[in-house]
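As a plain string of letters, each chain reads:
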Amino acid sequence: PLNGDKKMNLMNKFFTKIVLLAAIMGSSSAQAETLKCKLYISESTKETSALVTPPKSGVSLSAIRYSGVCVFTNGRIAEKQFVIINRIIGDGNTGTFLGYSVYSFKNDDSISVQFTGGWGANGVNGDYKIISGTGAYSNAKGDGNFVRTGGSETTSFLDVTLNLE
């Protein structure tokens with residue numbers, strides 16, 4: 001039979017486990033969901049830091065910082081900051097890119113992504129790898145994609161999908 005000390009020790013262990021479980025659950029990662037938005041980018045936000053054209057290579061490399069606004073289908077709005085490295089092939093009608101971006105929401109939630117993609121005859125498109133997040137998106141992981149759907153010489157409109165795991 002359990003005496004008073006053994007009962008108290010067992011109760012303490014039990015409550016310690018409940019508290020630890022609650023702490024773990026409270027710090028869990030973002031819930032699985034799919035977020036979709038329309039991203040608006042203006043060329044006026046473009047900051048080019050470098051353009052390199054090695055001789056006889058047939059390519060140029062550029063590093064650019066942009067910002068934009070993403071309007072999500074659930075009504076939320078995020079500011080997007082990103083840095084992109086372009087590999088411009090030949091006359092510039094085709095190329096590839098890679099970079100990092102952060103979607104920052106008003107309430108300190110954010111989603112950070114790594115991306116790759118390209119442009120050419122099929123337009124501009126790419127893929128995301130979700131690498132982290134803050135707030136409601138803490139510890140976020142997942143993937144996603146984007147495709148340019150319109151714009152002009154000075155603007156770009158893109159459809160974005162983020163699949164949080």
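Here is a short report on the structure shown in this document. What you are looking at is a predicted structure, and each value in this text was computed from that prediction instead of being measured. (Residues numbered from 1 in each chain as written. Predicted model: local features only at pLDDT ≥ 70, side-chain atom pairs only at ≥ 80, totals over all residues. Heavy atoms only, no water.)

In total, this model carries 13 aromatic pairs according to the counting rule given. On the basis of an interplanar angle of 25 degrees and a centroid distance of 6.1 Å, the ring pair of Phe97 and Phe146 is categorised as stacked. Of this pair, Phe97 sits in strand β5 (residues 94-105) while Phe146 sits in strand β8 (residues 142-151), and the two are 49 residues apart along the sequence. Take Phe146: its relative accessible area is 8%, and that puts it in the buried class. Counting every residue linked through ring pairs, the aromatic cluster contains Tyr66, Phe72, Phe82, Phe97, Tyr103, Phe105, Phe115, Trp119, Tyr128, Tyr137 and Phe146. Of note, Arg76 hangs over the ring of Phe105, and the distance from its end group to the ring centre comes to 4.2 Å. In this arrangement the basic side chain of Lys80 is found over the ring face of Phe115, its NZ or CZ atom lying 5.6 Å from the centre. (Phe/Tyr/Trp six-rings, centres within 6.5 Å; stacked < 30°, edge-to-face > 60°. Helix = DSSP H or I, 4+ residues; strand = E, 2+ residues; numbered from the N terminus. Buried < 20%, exposed > 50% of the residue type's maximum accessible area, 1.4 Å probe, protein only. Lys NZ or Arg CZ within 6 Å of the ring centre and 35° of its normal.)

Attention shifts here to the pairing of strand β7 (residues 123-134). Both faces of the sheet carry side chains from a regular strand, because those side chains alternate between them. The sheet contact formed by strand β6 (residues 110-120) and β7 spans 11 bridges and is antiparallel. Paired with Gly120 across the two strands is Gly123, which belongs to β7. Where β6 folds back on β7, the antiparallel hairpin that results is connected by two residues. (Pairing = 2+ DSSP bridges.)

Attention now moves to the pattern of salt bridges. Tallied over the entire structure, the rule returns four salt bridges. For Asp159, the salt bridge is made with Lys38, and the minimal N-O distance between the two is 2.9 Å. Note that Asp159 is positioned in strand β9 (residues 155-164) and Lys38 in strand β1 (residues 33-42), a separation of 121 residues in sequence. When the shortest N-O distance is used, the salt bridge between Glu47 and Arg65 registers 3.1 Å. (Salt bridge = Lys/Arg side-chain N within 4 Å of Asp/Glu carboxyl O.)

Positioned with a positive phi, Lys56 is a non-glycine residue whose angle comes to about 60 degrees. Within the secondary structure layout, Lys56 lies in the loop between β2 (47-52) and β3 (59-72). A relative accessible area of 89% places Lys56 in the exposed class. Backbone geometry places Asn139, a non-glycine residue, at a positive phi of 65 degrees. When you line up the elements, Asn139 lands in the loop between β7 and β8.

Right, let's talk about the pairing of β3 for a bit. Across the 14 residues of β3, 10 count as buried, placing the element largely inside the fold. Sheet topology note: the β1/β3 ladder contains five bridges and is antiparallel. Residue pairing in the sheet places Ile41 in a bridge with Gly68 of β3. Linking β2 to β3, which pair antiparallel, is a turn of six residues; within it Lys56 sits at a positive phi near 60 degrees. Where β3 hands over to strand β4 (residues 77-89), the hairpin turn is made up of four residues, of which Gly75 adopts a positive phi near 95 degrees.

The next subject is the nonpolar core. Grouped together as the largest cluster of nonpolar side chains are 26 residues, with contacts concentrated most on Phe72, Tyr103, Ile111, Tyr128, Val160 and Leu162. For this core, the elements supplying multiple residues, two or more each, are β1, β3, β4, β5, β6, β7 and β9. (Core = buried A, V, L, I, M, F, W, Y, C linked by side-chain atoms within 4.5 Å.)

Its place among the elements puts Ser156 in strand β9. Given a relative accessible area of 17%, Ser156 falls into the buried group. Side-chain polar atoms of Ser156 contact the side chain of Arg148, separated by 3.1 Å. If we skip the residues at most four places from it in the chain, Ser156 touches Leu39, Tyr40, Ile41, Arg148, Gly150 and Gly151. (Polar contact = N/O pair within 3.5 Å; in protein donor to acceptor, adjacent residues only side chain to side chain. Contact = heavy atoms within 4.5 Å.)

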